[in-house]
Number of protein chains: 2
Amino acid sequence: MQEAFNDPENFTPRQRAVLDRALGLLMEGGERALTTAGLARAASCSKESIYKWFGDRDGLLAAMIAHQASKVRAPSDDGSALDLARFRARLVDFADDLLHVLGGDVSLALNRLAIGQASREGSRLGQLLIERGRRGIDRRAGALLETGRRRGLIDYRDRDAAYHTLYGLIVRDLHVRMLLGEPDARKPEAFRSLAEEAIAQFFVLFGVRDTKKADPA
Amino acid sequence: MQEAFNDPENFTPRQRAVLDRALGLLMEGGERALTTAGLARAASCSKESIYKWFGDRDGLLAAMIAHQASKVRAPSDDGSALDLARFRARLVDFADDLLHVLGGDVSLALNRLAIGQASREGSRLGQLLIERGRRGIDRRAGALLETGRRRGLIDYRDRDAAYHTLYGLIVRDLHVRMLLGEPDARKPEAFRSLAEEAIAQFFVLFGVRDTKKADPA
DNA sequence: GCGACTACGTACCGTACGGTACGGTTCTTC
DNA sequence: GAAGAACCGTACCGTACGGTACGTAGTCGC
């Protein structure tokens, strides 16, 4: 019955505050800094309450992921009319958002936590992170691509394959480098130009040919 | 003077054997399974020797990375004459190798270890992993790309940018998913086709147009 | 006002780990 | 063959953490 602890809908405001404090501790000092005693002290609650609410330490970690995921609301994709320029701008925004999300403190801390636990057998944190965190982004991008294809702005055979290519063009090896703590990888001021270049390349691969093709030669 | 411990050239065969056993423990059960007492028991050595050889636990981890990196020898890039087909095959091989390396047990275990430690302030494991592990791959790919460009098979403005794009096309989000423990991401039997598709896309972006351009329309 | 409930703070327990010390054994070297 | 170094096995120490138990203080319903 540990699942009952993981439903962010049932979290009380007090519990959410404690989970936020836990995320803060995790961001500051990593997993080692997130101890039940330390969290109880930092959040001014008792260890007993923590265990009562979340079961055990793994339940707490899972609840943190669920809680954080519940805070992120994907911007609703209004199906307004898209011309090529607007569609391209939407893709650039998506790419920029993606880089900022992946490079955010909370995302990096949670991914480091889940990856650190991934070697352990019974750990479902990785799955949980993918399901709760990535699914939303994937769906948002998938819908965007689908819209672009229906409007004849891009074309592809396999939507998932196209999305994975888009993801690779945007993120490259930046995510892992940021996870490893390489300072050069975390340059939010560079994300915009990276996003624009990635989308330009994506259009070369999947764009429908148009009359305004620049041809340097 | 901890640096002295990290030079794999100075490791004795006995020390290498211990480091191999440590890598084995790390692969089996993650960082939690790699304790000094456990390693001493598994490798039939004394804890005192471990501390004498590697300084402390962090020194041991660094030595493991250095040791593993020293085992990987990049295949020497013989500058034989390359036509397009051979160059393309070389790139596919590189992509296939890259996916197999990143998805290997040792690589995943070491990356998980370094990422788990990345939040800690003084941790240089991430840097060490990038320097010792990735530099070789990067140089190999860079040389390959440079050769292709000199032969007029591909073209690019910025070699590093081209390489990063190549990396993104090959790896996509597979590395992080494998690090998170997603079973679907680790399908070595699928790596070859992924590699071929990535190289095909790379040629669309950076290939020099030739007469045999297939044009569906 | 009173019981039932919840939560806070603290103290406590068992365990496990990093690191050190020491006696005994094997191997090298002269 | 003796001196000395390297190493193994084990025992030991201090600490820190996960998890539990308990005494107390609010709070809500009646």
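Only a predicted model underlies this, so the values are computations on that prediction, with no experimental measurement involved.

**Focus: the side chain of Asp173(A)**
- Assignment of secondary structure puts Asp173(A) in the loop between helix H8 (159–171) and helix H9 (174–179).
- According to the relative accessible area criterion, Asp173(A) is buried, its value standing at 4%.
- A polar contact of 2.7 Å, which involves the side chain of Asp173(A), links it to the side chain of Arg134(B).
- Not counting residues within four places of it along the chain, the set of residues in contact with Asp173(A) comprises Arg134(B), His164(B) and Tyr167(B).

**Overview of the interface of chain B and chain A**
- In this complex, chain B contributes 38 residues to the contact, which on the side of chain A involves 38 residues.
- Of the roughly 3,400 Å² buried between chain B and chain A on both sides combined, carbon and sulfur atoms contribute 60%.
- Looking at the side of chain B facing chain A, the largest losses of area belong to Ile115(B), Arg172(B) and Leu180(B), adding up to 19% of the total buried there.
- In this assembly, chain B and chain A are joined by two salt bridges.
- Applying the counting criterion to the chain B and chain A interface returns six residue pairs in polar contact (both at pLDDT 80 or more).
- Of all elements in the fold, only helix H6 (105–117), helix H7 (125–150), helix H8 (159–171), helix H9 (174–179) and helix H10 (188–206) of chain B reach the threshold of two or more residues within the side of chain B that touches chain A.
- Sort the elements by how many residues they give to the side of chain B that touches chain A and H8(B) lands first, with six residues.
- Partitioning the side of chain B that touches chain A into residue classes produces 15 nonpolar, twelve polar and eleven charged.

**A few points about the UniProt feature "domain: HTH tetR-type" (unreviewed entry) in chain A**
- Listed under "domain: HTH tetR-type" (unreviewed entry) in the UniProt record, and renumbered for this structure, are residues 12–72 of chain A.
- Between the end C-alpha atoms of residues 12–72 of chain A the distance is 18 Å, and the span holds 79% helix and 0% strand.

**Quick notes on the UniProt feature "DNA-binding region" (unreviewed entry) in chain A**
- The UniProt feature table records "DNA-binding region" (unreviewed entry) at residues 35–54 of chain A.
- End C-alpha to end C-alpha, residues 35–54 of chain A measures 14 Å, and it is 80% helix and 0% strand.

**Describing the protein's contact with DNA strand D**
- Close to DNA strand D lie 15 residues, the nearest being Lys47(A), Glu48(A), Tyr51(A), Arg57(A) and Arg14(B).
- Protein-adjacent atoms of DNA strand D, using a 4 Å cutoff, are sugar or phosphate at a proportion of 55%.
- Residue Arg57(A) places a side-chain N or O atom 2.6 Å away from a phosphate oxygen belonging to DNA strand D.
- Note that a phosphate oxygen of DNA strand D is positioned 2.9 Å from one of the side-chain N or O atoms of Ser49(B).
- The greatest single-element share of the surface near DNA strand D, amounting to four residues, is contributed by helix H3 (residues 47–54) of chain B.

Definitions and cut-offs
- Residues numbered from 1 in each chain as written.
- Chains lettered and ligands numbered in written order.
- Predicted model: local features only at pLDDT ≥ 70, side-chain atom pairs only at ≥ 80, totals over all residues.
- Heavy atoms only, no water.
- Helix = DSSP H or I, 4+ residues; strand = E, 2+ residues; numbered from the N terminus.
- Buried < 20%, exposed > 50% of the residue type's maximum accessible area, 1.4 Å probe, protein only.
- Polar contact = N/O pair within 3.5 Å; in protein donor to acceptor, adjacent residues only side chain to side chain.
- Contact = heavy atoms within 4.5 Å.
- Buried area = accessible area lost by both parts, 1.4 Å probe.
- Salt bridge = Lys/Arg side-chain N within 4 Å of Asp/Glu carboxyl O.
- Nonpolar A, V, L, I, M, F, W, Y, C, P; charged D, E, K, R; others polar.
- UniProt positions renumbered as here; feature names shortened; annotations may be inferred.
- Near = heavy atom within 4 Å.

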